[in-house]
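Next come the chains, spelled out residue by residue.
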Amino acid sequence: DHDGAEPAASSVSVLNLLRLTHLVHEPAWRDRVDRTLALFAEKLEQFGRGVPMMAAALSTRAAGIRQVVVVGDVTGALAREALVPYRPFSVVLVLTPDQQRALAPHLPWLAAMHPVDGQAAA
């Protein structure tokens, strides 16, 4: 129930579910996130330093998640620009066209993205 040298499983689970709910529409997952944050509300309020990863999850939930998707040259400047800065409230996907095609059946919004003028598109 606290984040020590290793974050608590509940904190990691909430952060993972937040990212997953951004990628895949599954209302039950968002409900689990909210229920877990509610369970930790008192601890976050009274002893936030003891659960920094859960505080990060709460911040992520409040801020919302952005997505950055680069399809194309995964070694180019655009891919580096997407990956290098610290983006705490973002899901960053850098994919080859083959990876995009493989994920498209599971993430329909990804299938709609196309490179522009033969260049990688974000």
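The structure displayed is predicted, hence computed values, not measured ones.

Here we look at the overall build of the protein
Of regular secondary structure, the protein possesses seven helices and two strands. Listed N to C, the secondary structure of the protein is α-α-α-α-β-α-β-α-α in terms of helices and strands. Projected onto the principal axes, the alpha-carbon positions of the protein cover approximately 55 × 30 × 20 Å. Residues classed as buried in the protein amount to 31% of the 122 residues present. Across the protein, the fraction of contacts at a sequence separation of at least 24, relative to all contacts at a separation of at least 6, is 60%. On the protein, roughly 7800 Å² of surface is accessible, and the fraction owed to carbon and sulfur atoms is 57%. Taking the 11 positively charged and 12 negatively charged side chains of the protein as two groups, their mean positions are separated by 2 Å.

Points about empty space enclosed by the protein
The full count for this structure, using the stated rule, is one cavity of 30 Å³ or more. Approximately 30 Å³ is the volume attributed to the largest cavity. Lining the largest cavity are Leu15, Leu18, Arg19, Thr60, Ile65, Pro88, Phe89, Ser90 and Val91. Mapped onto the lining of the largest cavity, the elements with two or more residues apiece are α1 (9–23) and β2 (90–95). Counting residues per element, the lining of the largest cavity draws most heavily on α1, which supplies three residues. Here the residues of the lining of the largest cavity sort into six nonpolar, two polar and one charged.

Rules and cut-offs
Residues numbered from 1 in each chain as written. Predicted model: local features only at pLDDT ≥ 70, side-chain atom pairs only at ≥ 80, totals over all residues. Heavy atoms only, no water. Helix = DSSP H or I, 4+ residues; strand = E, 2+ residues; numbered from the N terminus. Buried < 20%, exposed > 50% of the residue type's maximum accessible area, 1.4 Å probe, protein only. Contact = heavy atoms within 4.5 Å. Areas by Shrake-Rupley, 256 points an atom, 1.4 Å probe, with all protein chains shown as cover. Lys, Arg positive; Asp, Glu negative; His and termini not counted. Charge placed at Lys NZ, Arg CZ, Asp CG, Glu CD. 1 Å grid on protein atoms, 1.4 Å probe; cavity = no way out; pocket = protein on both sides within 12 Å on 5 of 7 lines; lining within 4 Å. Points joined across faces, edges and corners; volume = space filled by probe spheres on them. Nonpolar A, V, L, I, M, F, W, Y, C, P; charged D, E, K, R; others polar.

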